[in-house]
Amino acid sequence: MSSPAVPRQTSVLIVGGGLVGITTGLLLKHLGVSFILVEKSVRPSIYPRAGGFAPRTVEILRSIGLEDAVQAAAKTAFKPGAFGGARRGLTLLGSESLLNAGAAIAKRVGKQDPSPCTFAALPQTLLEPVLLNALVDRGGSYEAGKEVVAIQEIENGLDVVVRDGEGEETHVRASYLIAADGGRSFVRRHLGISTTIVQTDPPKPVIHFANLYFSADLEDAIAGKTFTQGKIEGSVEGLFLAVNSKDRWSFHYEYDPTLESPADFPGDKAISIIRTAIGCDDQLEIQMLAPPSLWNTTARVAERYRQGRTFLVGDAAHTYPPYGGLGANTGIADAHNLCWKIAASLSDPSSSTSILDTYTTERRPVALRCARQALLRSDFDARFGVRTVANRSDVEAHQDLGALLMRYQYDGNLVDSLTAQVGTRFPHTWIKLSATGQLISTLDLFAAKMEIVIAGPEAEEPFDRNSGTTLKTGIDFTVEGEDMDDQTDKNSIWKTQQLIESQEVTDGDKFLNRATALDAAF
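The model shown is predicted, which means the values in this text are computed figures rather than measured ones.

**Digging into the pattern of salt bridges**
And step 1. Under the definition given, this model contains 24 salt bridges.
And step 2. Among the salt bridges present, the one from Glu143 reaches Lys146, with a minimum N-O distance of 2.8 Å.
And step 3. According to the relative accessible area criterion, Glu143 is buried, its value standing at 13%.
And step 4. A salt bridge links Arg248 to Asp247, with the nearest nitrogen and oxygen atoms 3.7 Å apart.
And step 5. Accessibility expressed as a relative area gives 21% for Asp247, which makes it partly exposed.
And step 6. Residues joined by salt bridges that share partners form a network here, namely Arg8, Glu143 and Lys146.

Shown next as structure tokens:
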């Protein structure tokens, strides 16, 4: 029965409390937007899933004050060794390092644009608690064990029915709803939003896997053989993923759904599969940490990311194979793009339609590109940029990960370098604030403001010097990029410094760039 209580009121209802949902809450909290987050599960998922987070993702977390906490957690992730490496063989213990994988990995990552942040190598199971603790500590509303069962548009908002574990229903009135409820999104299906299956030419076969997450102390057995992925091609086939390179592992067992089903993977059967894949005897203790989780390599992208006042983010909007680590990173970027637009529309309702419509037009092309690029990495060798006769065309079609996750423009194109083009992430360089002497990244300017105007050194007055949104080069800050120690980074920074200090700025008005959150931080 529905509760007779007065409906709860909030600006945004977030549905789904996984990685992207929690990040959405943190971003809204940072922007001063009220929200309620509901999550169907009582406990967070223990499956490792994403295993590392790109510099752009860390930049987003830096903007809300969480970079240090994330990197501290990353230092605890891989017990005996470092993140990276690839092996293949009939069994894990009999596997060999992938030929030229080290050089190929560096190449597949591609050009690294100047950034104040570095890659964070940690599984999603370590990152989520950091984010959730921050959300709760900051007063965010996170309500586990609750699910959305009905959504209705009303005047100036939504009426949403939320049911708890006892069957009690309450109504939530929200201006907007953000669906972060995963690949099987209830919200997306409830709204009738279909998905497009993305493919390559020629199409890739759909491969089915059972994720067998287990504990086994393999530290001594793999000493000196640190790896992140291990391809097994023996009597069982699949892929080992190192969760902590010591006693936490996932084996993604490749199976034929016409011959096997979830009922065919009880604990004893799963342990037998794992033991065969490792190539060990019965003396090794293996413990299943979770029931098998089934997935396949189908890539899907929602036909639209918005319906009225409801928006899709993360896996609710797009799912693709994990090859390249693109899924979680693009999901967090979805949330980052959407949250400031919702904050702006709440502040100025007259602009809401035009600004919110850009969410789909900007983010969907990114997902389509990433989906195809993930599929082009289906082959194990191709994933690491190692060319073979069979995968040559796929490898030649790869776009580097630096471009896919940072060096893109919201007109659907990739750019060679970030030089403050409209629709790109603003270029990073280190600057010193004149008022405080503080050394910060140019990206840090956008952490507190949704719009910044950066003026060149010869910019002519008048402009608003008291609003805090206009900064003049040489007066309000000085560029410190040339002090960077690394020569490669210095060369890249120099281009950015020249751009900022240039007197020949857009339209001859001596303003370098009017950098909104759209074209500066996203």
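**Notes on empty space enclosed by the protein**
And step 1. Enumeration according to the criterion identifies two cavities of 30 Å³ or more in this entry.
And step 2. Volume-wise, the largest cavity comes out at about 60 Å³.
And step 3. Surrounding the largest cavity, Arg56, Thr57, Ile60, Asn329, Thr330, Ala333, Arg363, Val366, Leu404, Leu405 and Tyr408 form its lining.
And step 4. Those elements that place two or more of their residues in the lining of the largest cavity are α2 (55–63), α8 (327–347), α9 (352–375) and α12 (401–405).
And step 5. Taken together, the residues of the lining of the largest cavity break down into six nonpolar, three polar and two charged.

**Section: the packing of helix α3 (residues 67–74) against helix α5 (residues 124–137)**
And step 1. In the contact formed by α3 and α5, the axes pass within 10 Å of each other and the chain directions differ by 145 degrees. Where α3 crosses over α5, the handedness of that crossing is right-handed. Contacts between α3 and α5 involve Ala69, Val70 and Ala73 from the first element and Leu126, Leu127 and Val130 from the second.
And step 2. When its residues are assigned to classes, the contact of α3 with α5 shows six nonpolar, no polar and no charged.

**What to know about the packing of aromatic side chains**
And step 1. Inspection of the entire model under this criterion finds 12 aromatic pairs.
And step 2. Taken together, a centroid distance of 6.1 Å and an interplanar angle of 70 degrees make the contact between Phe311 and Tyr359 edge-to-face. You can see Phe311 sitting in strand β18 (residues 310–312) and its partner Tyr359 sitting in helix α9, a full 48 residues away along the chain. Each member of the pair Phe311 and Tyr359 is classed as buried.
And step 3. Each member of the aromatic cluster is reached from another via a ring pair, and the members are Tyr176, Tyr305, Phe311 and Tyr359.

**Notes on the sheet that holds strand β16 (residues 299–302)**
And step 1. Sheet architecture is open: three strands sit in the order β9-β16-β19, paired in antiparallel fashion. Looking along the sheet, the strands with just one partner apiece sit at the ends: β9 (195–198) and β19 (318–319).
And step 2. Here β9 pairs with β16 via four bridges, running antiparallel. Each residue of the ladder has a partner; that of Ile197, found in β16, is Arg300.

**Here's the deal with the confidence of the model for the protein**
In low-pLDDT segments, the atomic positions of the prediction should not be examined closely.
And step 1. The predicted model of the protein averages 86 in pLDDT, with 85% of residues at 70 or higher.
And step 2. Overall, residues 482–522 carries pLDDT values under 50, and its contacts beyond four positions in sequence, including any with other chains, amount to 106 contacts.

**Here's the deal with the nonpolar core**
And step 1. By size, the foremost hydrophobic cluster in this structure holds 90 residues, and its most contacted members are Val12, Leu13, Leu122 and Leu177.
And step 2. Of all hydrophobic cores here, the second largest spans 26 residues; its members include Leu92, Ile222, Ala277 and Ile286.

**Here's the deal with the pairing of strand β3 (residues 86–89)**
And step 1. As judged from the four bridges shared by β3 and strand β11 (residues 229–233), these two strands associate in the parallel manner. In the sheet register, Arg87 faces β11, and the bridge partner there is Gly230.
And step 2. Where β3 meets strand β4 (residues 96–97), two bridges bridge the pair, whose relative direction is antiparallel. Of the residues in β4, the one forming a bridge with Arg88 is Glu96.
And step 3. Here β3 folds back onto β4, and the loop between the two strands holds six residues.

**A word on α3**
And step 1. Among all positions of α3, only Glu67, Val70, Gln71, Ala73 and Ala74 are buried. The buried residues of α3 all sit within an arc of 155 degrees when viewed along its axis, so they share a single face.
And step 2. Its buried side turned inward, α3 meets α2 and α5.

**A look at the sheet that holds strand β24 (residues 477–479)**
And step 1. Overall, antiparallel pairing links the three strands, which are arranged β21-β20-β24 in an open sheet. The open sheet has two edge strands with one neighbour each: β21 (439–441) and β24. Ignoring strand direction, the axes of neighbouring strands in this sheet form an average angle of 35 degrees.
And step 2. By the bridge criterion, three bridges tie strand β20 (residues 430–433) to β24 in an arrangement that is antiparallel. Looking at β24, one finds that Lys432 is bridged to Thr478.

Calculation notes
- Residues numbered from 1 in each chain as written.
- Predicted model: local features only at pLDDT ≥ 70, side-chain atom pairs only at ≥ 80, totals over all residues.
- Heavy atoms only, no water.
- Salt bridge = Lys/Arg side-chain N within 4 Å of Asp/Glu carboxyl O.
- Buried < 20%, exposed > 50% of the residue type's maximum accessible area, 1.4 Å probe, protein only.
- 1 Å grid on protein atoms, 1.4 Å probe; cavity = no way out; pocket = protein on both sides within 12 Å on 5 of 7 lines; lining within 4 Å.
- Points joined across faces, edges and corners; volume = space filled by probe spheres on them.
- Helix = DSSP H or I, 4+ residues; strand = E, 2+ residues; numbered from the N terminus.
- Nonpolar A, V, L, I, M, F, W, Y, C, P; charged D, E, K, R; others polar.
- Axes fitted to C-alpha atoms, helices over the stretch in contact; angles between N-to-C directions.
- Left-handed = near helix turned anticlockwise from the far one by under 90°.
- Contact = heavy atoms within 4.5 Å.
- Phe/Tyr/Trp six-rings, centres within 6.5 Å; stacked < 30°, edge-to-face > 60°.
- Pairing = 2+ DSSP bridges.
- pLDDT = per-residue confidence, 0-100.
- Core = buried A, V, L, I, M, F, W, Y, C linked by side-chain atoms within 4.5 Å.
- Arc of directions from axis to C-beta.

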